[in-house]
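# Geometric and topological summary
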Amino acid sequence: MSQTTVSRTVVLSNRAGLHLRAAMLIAKTVRQFAAQVSIVKSHQRVEATDMLQIISLGAECGAELGIEATGQDADQVLEALGRLFSDNFGEDQEPGN
């Protein structure tokens, strides 16, 4: 049985870009699911469970990234990562907002 790959495009909107804490949260999230996940920036593809590879993308605020997932939990991991990106990894939050 062939597994389908699903993908989503996200825009990095947190001011600090993909730094170590954000990479750690991505890797930790992906490890909770039965799926293989890659992050793509331009022509560079990295494994989403490897923090150093994620940081090597050098993605700054405003960067458009592709997320591709294959496996049993592919849709669920994309949903979880989408929330993580849209919440700016819990950063850029002003007190009272």
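Look up: the structure comes first, before these words.
Parameters at a glance
Residues numbered from 1 in each chain as written. Predicted model: local features only at pLDDT ≥ 70, side-chain atom pairs only at ≥ 80, totals over all residues. Heavy atoms only, no water. Helix = DSSP H or I, 4+ residues; strand = E, 2+ residues; numbered from the N terminus. Rg over C-alpha atoms; globule rule 2.2 N^0.38 Å. Buried < 20%, exposed > 50% of the residue type's maximum accessible area, 1.4 Å probe, protein only. Contact = heavy atoms within 4.5 Å. Areas by Shrake-Rupley, 256 points an atom, 1.4 Å probe, with all protein chains shown as cover. Lys, Arg positive; Asp, Glu negative; His and termini not counted. Charge placed at Lys NZ, Arg CZ, Asp CG, Glu CD. Phe/Tyr/Trp six-rings, centres within 6.5 Å; stacked < 30°, edge-to-face > 60°.

### With respect to the overall build of the protein
From N to C terminus, the protein includes three helices and four strands. Along the chain direction, N to C, the helices and strands of the protein fall in the order β-α-β-β-α-β-α. For the protein, whose C-alpha radius of gyration is 13 Å, the value lies close to the compact-globule estimate of 13 Å for 97 residues. Dimensions of the protein, computed from C-alpha atoms along their principal axes, come out at roughly 50 × 30 × 20 Å. Sorting the 97 residues of the protein into buried and exposed places 42% on the buried side. Contacts in the protein between residues far apart in sequence, at least 24 positions, make up 74% of those at least 6 positions apart. Per element, the accessible surface of the protein, about 5700 Å² overall, is 47% carbon and sulfur. Separation between the mean location of the 8 positive side-chain charges and that of the 12 negative ones in the protein comes to 3 Å.

### Re unusual backbone geometry
Most peptide bonds adopt trans geometry, and most residues besides glycine take a negative phi value. With a phi angle near 55 degrees, Ser42 is a residue other than glycine that sits in the positive phi range. In this fold, Ser42 is placed in the loop between β2 (36-41) and β3 (44-47). A residue is classified by how much of its surface remains accessible, and Ser42, at 64% relative accessible area, is exposed. If you check the backbone angles, Asn88 has positive phi at about 55 degrees while not being a glycine. Inspection of the secondary structure puts Asn88 in the segment after α3 (74-86).

### Focus: the packing of aromatic side chains
The final tally for this structure, using the stated rule, is one aromatic pair. Seen from their ring centres, Phe85 and Phe89 are 5.0 Å apart, and the 65 degrees between their planes marks the pair as edge-to-face. Here Phe85 matches Phe89 in class, with each residue buried.

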